[in-house]
Amino acid sequence: LILFRNIIFNLECHFFNNIVPSSLFIYLGKNAIMFHSGNITKTATNVMQMSTLTIQMGLLGIVIIALSVHQFNITSPSKFYTVVIFVFIFVVLLPLQILLKSSPLLWIIDLLWDDLQTNKVVLCWTFCSVLAVLVVSNRTKEAKKSSSAVRKVFHILTVSVFIPGLLYNCSLLYLASGIILGIFFVLEILRVTNIPPLAYHLQNGFVVFSDEKDSGIIAFTPMYLLAGCALPLWIHPAPCDVTNSAIFSLLPLLSGVLTTGIGDTAASIVGSKFGYHQWHEFLKFHSTMLYVKVIMAITVTSLIEAKTDQIDNLVLPLVMYIILIV
């Protein structure tokens, strides 16, 4: 690890001092600040501020990649990956180096190896990620359309990621959720533009796991699931306490996990096992009531679930969060 950090540091120092003129750094830094508003400052003072800055710069880079692909109709793998590398270096990495006054890559590595408790959380997340890849790979090989209950495996894995993160390393979960959302965007760009080598496998996975909600060109369902679970964490003021846990605001921050990760999953499994009759839309059962004790939140989210077809994974967590936070 020490050797890897030294290599990155030496490469970055050489790149900064000998290749790119200092005027370009100043220009990029000023423009990066102009693109963002709110909490962004030249120097981040804590992990949450630095994470917010990192996520925003990363999403800005992804927007530039998407616009470039669309505007110039990029379908060549070499051109696509050239654009990705260029944007990553000159729009994301270098401005962050200036604004954070440290290497963003080394900073993220330090976060991942902060202490033993963090290592356990990262190990848990890695296990869940590998399991998700294996599920997709196995289902794709079988070429069998997945049922709603099978798709809820990803909801369970999401719960397994968020609960340890909220309890033991809130700030790292905040950063990781934003980075993974950006990765989802990039993977979807790869799939839609049919860029090898991942496009073929992504498309096969999409065919197997898509449902009636994924009727358009872009598969928003995975993004909605992640954003729905992470949204309370993103918008809650100071979600992490001094111990880097969310224990004091746990119930509002669990809004997404309870509605999307647990409630929606339980409703799907119970409905597929015991639902012999097709109910009218307004009578859909939503089992959030089994898990949340706040009657108003249960009633409102259940009614909205009954009337929402497309973006329930995104709407329900926000509604429950608002009710619980008032």
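Residues numbered from 1 in each chain as written. Predicted model: local features only at pLDDT ≥ 70, side-chain atom pairs only at ≥ 80, totals over all residues. Heavy atoms only, no water.

Per an unreviewed UniProt entry, the chain goes by dolichol kinase and derives from Asbolus verrucosus. Per UniProt, the comment on the chain under Subcellular location (unreviewed entry) is "Endoplasmic reticulum membrane". You can read under Sequence similarities (unreviewed entry) in the UniProt record for the chain the words "Belongs to the polyprenol kinase family." (UniProt positions renumbered as here; feature names shortened; annotations may be inferred.)

(A) Representation of the overall build of the chain. When you go through the chain residue by residue, the secondary structure sums to 15 helices and zero strands. The burial tally for the chain puts 44% of its 326 residues in the buried class. Taking the contacts inside the chain whose residues are at least 6 apart along the sequence as the reference set, 74% of them involve residues at least 24 apart. Carbon together with sulfur atoms contributes 70% to the accessible area of the chain, which is approximately 18000 Å² in total. (Helix = DSSP H or I, 4+ residues; strand = E, 2+ residues; numbered from the N terminus. Buried < 20%, exposed > 50% of the residue type's maximum accessible area, 1.4 Å probe, protein only. Contact = heavy atoms within 4.5 Å. Areas by Shrake-Rupley, 256 points an atom, 1.4 Å probe, with all protein chains shown as cover.)

(B) Up close: the side chain of Glu 188. In this structure, Glu 188 sits in helix H9 (residues 170-193). Within the local environment of Glu 188, its side chain forms a polar contact with the backbone nitrogen of Ala 219, the two atoms lying 2.9 Å apart. (Polar contact = N/O pair within 3.5 Å; in protein donor to acceptor, adjacent residues only side chain to side chain.)

(C) Representation of the environment of Ile 108. Tracing the backbone shows Ile 108 in helix H5 (residues 104-112). Under the relative-accessibility criterion, Ile 108 is labelled partly exposed at 23%. With 54 residues separating them in the primary sequence, Ile 108 and Thr 54 have C-alpha atoms 10.0 Å apart. Other than its neighbours up to four places away in sequence, Ile 108 contacts Leu 175 and Ile 179.

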